[in-house]
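Results of the structural survey
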Amino acid sequence: MTPAHSSQDFVRALKSVSDPPVIGGLLKIEIAQQAWDDTSFYVPSKAEVIADWILTKLVKDKGKDSSSNPVLDTRYWRLISTLTASQDVPQKQRNESRPFRNWLTTILHRLPFGNVVVVFLKLFNDVPSAEKQELSNVVSSCLATIWPLSVQRMNHELLQECFGVLISTLSSSADYEGIVKIGRLISNSYRNALHNSSNKKKLHLSFLHSHLRPWLYFIAEDIPILETALKSSILDAGIDTLFNLDVLRQDQDSRAENAFLVQLRSLKSGDGDVILKTIPQIFMHYVHSLKRHRGAIFGQGSQQAPGAALEEFHDAAMQFFVWCEGIIQSYEQIRLAWEARSSLLKIVHQENIFHRKQVDAQVAFNEIVEVALAVSKENREDGQSEISSLAFQCLSAIAHIDYDLVLANIPRILNCLIQCPEPSEPHFAFLDILLDYHTKTRTMNVFLESIFASLSANVAFSTTVQERYQTTLSSPIMHTLFLSRLSKSMQNFSTPTQCLSVVNLVFDNLKNVWEQYNGVSRQLIPKQVVSSQEKRQTPAVGEGEPGEFAVIYSSVARLASVILSSLPIQSLPPTTVEEVRGSLFEFRTAFVHHTISKCLKTVKKKSSVDLWATEVVLAATMRLLYAINISKSLSLAPHHDTKLLGKISDTLDNDDLLPELILELFRTLLYDLSLGNVGDAEHLMGRLLTYIESNYTSKNVQWSGHVHHLTKGESGRAKCALAVMQMALERWLPVIDQLSTQEQLTSLLKVVLAVDVTPAAAPEKGLQSEQLWLQNLRSAQFWEFRNIRTAFLDFLDEITAPLDPSNPKQPKVSLILEVVKIYRLLLFLPPEYFSWQTFSNLIKRGLAADLALGRLPISQNQAVPEALIVLRVFLKRAYVHSGSVSQESDEESSEFLSHLLKEPHSLSHSIKEDFFRATLDLTEIYFTKLLKASSKSGSTPMLTVLSFYSPGLFANSPGIRARSFMELVDLLTREFTEQRMSRDIIDVLRTLHKDESTSLLPHITSITEHGISSGDIAQSSDLVSGWYSLLCLNKWLCPNPRSDTSIPYVGEKLATGLISPQKSGEGNELNDLRVFVFAIVLQELETRTEDERPRHLDFLVANYISFLDTLQPKGQTQLALYLGRSCKVMSLSDFVYLSSLVSDSLADYEHLSTSQVVHLVHLAALLLREHPSHTLKHVQKFATCCINVFSGNDIFIHGPPQLRLQVLELVAQHCSNQQAALRSLDTAGIWLLISKFLTPSKIHDECTEVAILHKIIAILTSLIRLRRDLVASALPHLGMIFRKLLLSTRGCRPHLGAKQTALVMNTQPRWISASRPLGPDEAKALGRLLESLNTKTTVRILSSSANDNQKAESLAKPFSKHAAYVLQAYIEAMNDTLCILPLEVRKELEPGLFALCGMMSDHSRDAMMVSVLDAGGKTTMKALWKEYEKQRYVGKG
């Protein structure tokens, strides 16, 4: 009952001055709520009266504080929402005189409701967090009805104020769905009002002064918002306000700086981060706005020249860029500033708005280059490489815009790169731009001159000479990545006329730097040491230290070795080749050998003040000599200098040499040995092994692969030993195998085998001894060397001899564990290279070690279980390789198997599963042997093993015995039958089954009745897996399991409990539990009666689909494996029912979720693959039904990518594995399905699904190769599919507009994205498909013996009539002005296109040229036919 007794009292109470109207009475909102809820209380136009009062109160009291403000009171908004919701009832039933919209519009036009929304958004953050969600939802539901009516009379300034307050509120409350809905209403209304406003300039100015700062913060911060469309709408609304047509036209007329940028400058310095984050985005939208309104802003005069409007647009956009760059320069050169600058430059490049007439822009670019070089130098000295990388991103962007902008600064930039010790991707990107420019302009010689000049420049370093050496050779210019690209460019783009000049350039630079180094070195030697002849030969040089010139010489020599090895000798005229080789031969003899000889002399006498510099120069020269000698393109004749090699050999006696030099000395001597100059090879091998043994440490040695990192000191010598070992094993192993003695080879193997190859050894950056050794052990070349293999096997036999069972002395545990490390290494070796005697000895010794370690308590030493894992994995692999176990008698096998079944204690959790797996794999092999031998030699050994299994295996903390029992049951069901087994074993197994079932049944019953708690998942998984094994054993023992009623049905109850929402503790245990429960459901199918089986199959399918949603990939595979095994032995009636159920469910897909449909398709593929025998008719019917469902429903063609791939996988699998079951009905559906997949679409996926193309090609390949008879009757369909496939290889040309891109993509299938067209791999697959038309095959069908002698034929002749219009599709793709076929794609397509050309007759080709092709098509066809004629076999040779 309402406290008001009449409508007059009710209205009077609402209009009362005080609230509540009566002291101690109800509040007005409570009175209004009760009046509305009381349907018996009559008030004329009750809804109108209450709504008028509430809206008026909201407007009048909006200025109160948050605690008493009705705007934040949920009760008012909820009542309005109730009033508006009730208006959905027809007006007659509501007993109202006026329509709802009429009176509500009148009220809203009278009240300034927009101010209420402003106050609500301003005060929303003051609301307690617990109430925000409810309040925002109620207000949003009210505004959904009220806002469209009130906004009609709202002025634009108020709307902009609402928009501005909305931005501030969203910054802190964007995760409330109600606020997001309100934001969508306000932003859309503001944008519509802005577009219709006649005074956009006023709104622009008010937005700049009042709302710009919060708007910038909103778009700059990564605010988690429920709807990205709202954020985009707010961004677009701000851009429309800032850069609408009126504002842009005013800016162009005034020629003054943009008002927006002026306002940016006026913001506080604390807003710098926000400005730097947003300015690139704003610049991009500014350019797009100019482009959109270009016709209305520029080129309006009648005297305008053609293209003037475009030039003015570019000038205006670049002027804005200059202003933005000025703002960025006003802030410190921090990371954000360089990121913003880089983004601006990329936009300039993408939009192509710069031209050389823009003087201000050129000045800005020059300033950026100067600042980038300065900042790169400063941050390099401070060790901050990130800023340097960003600076080079900017330089790369400027070079992309116009290479001439950086051309004058190339020497300075190269100098900067030389001094950069940490190369990064931006550095290489800039160098790639330089390479690309000089290869296109064919000026590689100019580029090389610039690099040499930069390397030879004596730049001042603030570090020591040794540090400068490390920095220079670690720089991007000296990096292997850049030098390899430079080498490739030299080979491909150097002109013949440039080769001689390049060779002379290299010679001159090397000689000049050597003369400078030699001169400086001579000046520092005491005068009495230098002879008069040497004084006369020393040239005059400037100031400097020998170390500085040594660094320059080393870098120049490294670059020279790359250039000389990359000369395009094959493309030179014969006379030029002889001249180049003659110059190189003379240079090698006169300069290189002479330089090495002088340096060796200096090193031997130690007459240099800076011996380090001499060693560096000598190492660099020897590397240069080696590069020239081994270059295949140069092919210089070998030159053996006995005297020089003797000096090099003598130099090795010096133990204080630079490790880098030692590596080069060994390399040079080994190379000379490989040429057949044996000399004192044994002495050299001894020195090499001695150096490795004395300096190599197998722990914590890691080498980057760069020789300049081989510095003096203990660490440098260890790295050098690793480098020498790597060089010896990977490059000179044939020489070592041929010339080393047996003792030397054994010494080398001792060093190598000292490497501890542990499973935890993760590959790191750089070379490690573990990687080196494993790589060689897995190399076939290593094992093909007879001497090395013999030494290795002998050493292996020697080191494992203490484990031999014939040894009377029992080895210590420590010795056993040490020898087991060798067995860990054996796991990585191919067993085929071991002699049978060695392999047999290793197995026997491994068995002895396993028995010895198995007697120890594991808790004493945690290394014991790890050793046992290694031994058992080795034994398992050895038995699989040899095909038998080591023990000859069954009693010995039984004894060792009993040893394996001992329960381990105190295993750590990290290795427990590995220990169990290794042991169980080995027990399976022994079980197999004993079971097979039981029928011949008696069952006593097997019975001895079975006696280890006692009742309670699974109930009492199941371990190795329980799991081995499961393995035994699995083995029995897979490979043995009950009829062929000994009766004694059968009786023991029956007893075991009965005892274990009796022990386990109470636990299973408890789980079934009480469910599985999260804490008992692991234990329940063990119990359920045990129950599954008992079910399998019962099925194996009992010929007719349906007659056994003693075993209860627990599968459905267990599965129902696991289908419920996911439990906590999701992981491997729950994954395994679900798999075993599903396996139990499968096993229980066999014991069901005929009436119960259909319902059980229904539950089976539902269980399978629901479990697939929750299982991990490994569990999904296991689930499919269990179901596949069951389907193989399923009865015909069950299979027919199951296939019918799946096909009917696929046809009724509307009632299923997408994931469920995917799982159903997967199940259908499994049924087609794992069907029972003698079910061909039903398989054909099921396959036809599935194909028709797929081709007849769009969800299977336009659904999620996962579903589409699963559909194609089913069809591809059926065509490949069940080709004999295919019928013409099936191929008709397949043609339709593939055609729909290739049909053009206006909607496209975000990423190209190349797997769809490969699946389609797999289907077509199977049909063409295996069922030519079905394809021959549908060649027009095949030709049309080929056309669509060829047209799908097109890609959009770069820099297409949105409309042009849409024109192209509307002709492409849905699964192709504009951002990622099909590539060379897909074109290669398509080319192979076209080639398969020429492949001669026989038809794979189930036929009589008369067809067994059928002749192999191809589809080339029948398809020749259709080849022309397939080629026409390729020509159309080539000549499409908006598309591009990259060179790599065309190259991969060529074999298939040539196959089509070979099918066509001359008449078909001429008819195609005359009647079908235009001028461009004829040109393309002629070029293709010319290439075809080049490679066509004409019957000669």
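Structure first, text after, so check above.
Residues numbered from 1 in each chain as written. Predicted model: local features only at pLDDT ≥ 70, side-chain atom pairs only at ≥ 80, totals over all residues. Heavy atoms only, no water.

On to the overall build of the protein chain, then. Of regular secondary structure, the protein chain possesses 70 helices and 4 strands. Counting only residues that meet the buried cut, the protein chain has 52% of its 1437 residues in that class. Contacts spanning at least 24 positions in sequence make up 77% of the contacts within the protein chain whose residues lie at least 6 apart. Of the accessible surface of the protein chain, which amounts to about 64900 Å², a share of 51% is contributed by carbon and sulfur atoms. Charge-centre separation for the protein chain: the mean point of 144 positive side chains lies 4 Å from the mean point of 150 negative side chains. (Helix = DSSP H or I, 4+ residues; strand = E, 2+ residues; numbered from the N terminus. Buried < 20%, exposed > 50% of the residue type's maximum accessible area, 1.4 Å probe, protein only. Contact = heavy atoms within 4.5 Å. Areas by Shrake-Rupley, 256 points an atom, 1.4 Å probe, with all protein chains shown as cover. Lys, Arg positive; Asp, Glu negative; His and termini not counted. Charge placed at Lys NZ, Arg CZ, Asp CG, Glu CD.)

Time to look at helix α45 (residues 890-900). Across the 11 residues that make up α45, a large majority, 8, are buried. Among all positions in α45, only D890, S893, S894, F896, L897, S898, H899 and L900 are buried. In this fold, the buried residues of α45 make contact with α43 (836-854), α44 (863-882), α46 (909-937), α47 (940-946) and α48 (960-975).

Packed helices, taken two at a time, are described by their axes: the angle between them and the distance between them. Relative orientation of the contacting elements helix α55 (residues 1132-1147) and helix α56 (residues 1154-1169) amounts to 145°, with a least axis distance of 10 Å. Between α55 and α56 lies a crossing of left-handed hand. Here α55 contributes F1135, L1138, S1139, V1142, S1145 and L1146 to the contact with α56, which in turn contributes V1157, L1160, V1161, L1163, A1164 and L1167. Of the residues in the contact of α55 with α56, the class split is 10 nonpolar, 2 polar and no charged. (Axes fitted to C-alpha atoms, helices over the stretch in contact; angles between N-to-C directions. Left-handed = near helix turned anticlockwise from the far one by under 90°. Nonpolar A, V, L, I, M, F, W, Y, C, P; charged D, E, K, R; others polar.)

Turning next to the nonpolar core. The tendency in soluble globular proteins is for nonpolar side chains to be buried as a group. Ranked by size, the top nonpolar core spans 485 residues in total, and within it W215, F321, F365 and F1282 carry the most contacts. If one sorts the elements of this core by residue count, helix α32 (residues 611-630) sits on top with 13 residues. (Core = buried A, V, L, I, M, F, W, Y, C linked by side-chain atoms within 4.5 Å.)

This brings us to the pattern of salt bridges. A full pass over the atoms with the stated rule returns 51 salt bridges. Across the pair D402 and R356 runs a salt bridge whose closest N-O atoms are separated by 2.7 Å. Taken together, the residues span a long stretch of sequence, with D402 in the loop between α21 (385-401) and α22 (404-407) and R356 in the loop between α19 (335-351) and α20 (359-382) at a distance of 46 residues. We classify D402 as buried; its relative accessible area is 11%. We classify R356 as exposed; its relative accessible area is 53%. When the shortest N-O distance is used, the salt bridge between E1170 and R1169 registers 3.5 Å. Residue class for R1169 comes out partly exposed when judged on its relative accessible area of 34%. (Salt bridge = Lys/Arg side-chain N within 4 Å of Asp/Glu carboxyl O.)

This part takes up a negative patch on the surface. Together, E888, E891, E892 and E895 line one region of the surface with negative charge. Counting through the fold element by element, E892 comes out in helix α45. E892 sits in the partly exposed class, given a relative accessible area of 41%. (Patch = residues over 30% accessible without salt bridge, like charges linked within 9 Å, V, L, I, M, F, W, Y side chains within 5 Å.)

A word on the packing of aromatic side chains. Taken as a whole, this structure holds 46 aromatic pairs when the rule is applied. Aromatic pair F666 and Y691: ring centres 6.1 Å apart, planes at 55°, arrangement tilted. Residue F666 is found in helix α34 (residues 659-674), and its partner Y691 is found in helix α35 (residues 681-695); the two are separated by 25 residues along the sequence. Judged by its relative accessible area of 2%, F666 falls in the buried class. Residue classification places Y691 among the buried residues on the basis of a relative accessible area of 12%. On the numbers, 5.7 Å between centres and 15° between planes, the contact of W783 with Y833 is stacked. In this pair, W783 is assigned in helix α40 (residues 780-784) and Y833 in the loop between α42 (813-826) and α43, connecting sequence segments 50 residues apart. With relative accessibility at 0%, the residue W783 sits in the buried group. Looking at Y833, the relative accessible area reads 24%, which means it is partly exposed. Each member of the aromatic cluster is reached from another via a ring pair, and the members are F243, F260, F283, Y286, F320, F321, F354 and F365. (Phe/Tyr/Trp six-rings, centres within 6.5 Å; stacked < 30°, edge-to-face > 60°.)

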